[in-house]
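Close look at the chain arrangement
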Amino acid sequence: MNKKKDNKLIIFGLIVVVILAVIAFSTKRDDKSNINYQTMDSEEIQVAMEENIDNMIKNELSKLGERDRMEYYVSTFIKDIENKEYEEAYGMLYDQYRDNFFPTLDSFEEYVKSKFPKLCSVEYTNIERNGDIYVLWVTIKNALSSESPILEMNFVVQENDLNDFVMSFSVI
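What counts as what
- Residues numbered from 1 in each chain as written.
- Predicted model: local features only at pLDDT ≥ 70, side-chain atom pairs only at ≥ 80, totals over all residues.
- Heavy atoms only, no water.
- Pairing = 2+ DSSP bridges.
- Helix = DSSP H or I, 4+ residues; strand = E, 2+ residues; numbered from the N terminus.
- Patch = residues over 30% accessible without salt bridge, like charges linked within 9 Å, V, L, I, M, F, W, Y side chains within 5 Å.
- Areas by Shrake-Rupley, 256 points an atom, 1.4 Å probe, with all protein chains shown as cover.
- Salt bridge = Lys/Arg side-chain N within 4 Å of Asp/Glu carboxyl O.
- Axes fitted to C-alpha atoms, helices over the stretch in contact; angles between N-to-C directions.
- Contact = heavy atoms within 4.5 Å.
- Expected span 1.5 Å × (residues − 1).
- Polar contact = N/O pair within 3.5 Å; in protein donor to acceptor, adjacent residues only side chain to side chain.
- Buried < 20%, exposed > 50% of the residue type's maximum accessible area, 1.4 Å probe, protein only.
- Core = buried A, V, L, I, M, F, W, Y, C linked by side-chain atoms within 4.5 Å.

**Here's the deal with the pairing of strand 4 (residues 164-169)**
Pairing geometry for strand 3 (residues 151-161) and strand 4, over six bridges, is antiparallel. Within the sheet, the bridge partner assigned to Val 156 lies in strand 4 and is Ser 168. Hairpin connection between strand 3 and strand 4: a loop of two residues separates the two successive antiparallel strands, and Asn 163 in this loop has a positive phi of roughly 60°.

**Concerning a nonpolar patch on the surface**
Among the surface-exposed residues, Ile 11, Ile 15 and Ile 19 lie close enough to one another that they form a single nonpolar patch of about 280 Å² accessible area. Turning to its location among the elements, Ile 15 is positioned in helix 1 (residues 2-33).

**Details of the sheet that holds strand 3**
In spatial order, the strands read 1-2-3-4; together these four strands make up an open sheet with antiparallel pairing. Of all strands in the sheet, those with a lone pairing partner are strand 1 (120-130) and strand 4, marking the two edges. The average undirected angle you get between the axes of adjacent strands in this sheet is 25°. Pairing of strand 2 (residues 133-142) with strand 3 involves eight bridges; the strand directions are antiparallel. Counterpart to Trp 137 in the pairing with strand 3 is Asn 154. In this fold helix 3 (residues 66-82) packs onto strand 1, strand 2, strand 3 and strand 4, with an angle of close to 140° to the strand it touches most, strand 1.

**Things to note about helix 2 (residues 42-62)**
In this model helix 2 runs 30 Å from its N-terminal to its C-terminal C-alpha over 21 residues, within 8% of the 30 Å that 1.5 Å per residue would give. For helix 2, the capping residue at the N-terminal end is Asp 41, with a side-chain oxygen 3.1 Å from the backbone nitrogen of Glu 43.

**Description of the environment of Ser 121**
Mapped onto the secondary structure, Ser 121 falls in strand 1. Overall, the relative accessible area of 35% leaves Ser 121 in the partly exposed class. In this structure the C-alpha to C-alpha distance between Ser 121 and Ser 75, which are 46 residues apart in sequence, comes to 10.0 Å. Residues within four places of Ser 121 in sequence aside, it is in contact with Thr 139, Ile 140, Lys 141 and Ala 143.

**Side note on the pattern of salt bridges**
One pass over the full model with this rule turns up seven salt bridges. Glu 66 is the partner of Arg 129 in a salt bridge, and the nearest nitrogen-oxygen pair spans 3.1 Å. Taken together, the residues span a long stretch of sequence, with Arg 129 in strand 1 and Glu 66 in helix 3 at a distance of 63 residues. Classification of Arg 129 by relative accessible area gives exposed; the value is 51%.

**Section: the nonpolar core**
Phe 77, Phe 108, Phe 155 and Phe 169 are the most contacted members of the largest nonpolar core, which totals 32 residues. Of all the secondary-structure elements, those providing two or more residues to this core are helix 3, helix 4 (86-91), helix 6 (105-115), strand 1, strand 2, strand 3 and strand 4. Considering each element in turn, this core owes the most residues, six residues, to helix 3. Excluding its chain neighbours within four sequence positions, the residues that come into contact with Phe 108 are Phe 77, Ile 81, Tyr 86, Ala 89, Tyr 90, Leu 93, Phe 102 and Phe 169.

Structure below.
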């Protein structure tokens, strides 16, 4: 009878130790994600915040299917154009494509200002995949006017990793 009590006590003790170890491990892991901004200068804070945002975006993208990720990348590009963040959008372009069609940021900015509406309504009509290259058929309309011309474009997206991609699009 005492042996049974001793065995139960040992098992109970092991369970308590395992639970405490799990709690200690999860607390230690959470400490790494909590950044102490008080000890940082403004540059370090900016870098830490950008890394944190990038990790959050990657986490969300990891939950999406490939079509949704490609649509996210194209919509990010279009939103940058709408927000007049031309340098950000320009940086998403595949190097050779950019060099061939838009050798300067000014040439890219001039093109998108003349072709893209100020506020875009985007419809993704089809997607095809060839390895790590995706082609999306996209219809872009002016969200403010139904009488404006409709842009039908193809976007080619190469995904290297989550939130690491380059793209090109059909120049019209």
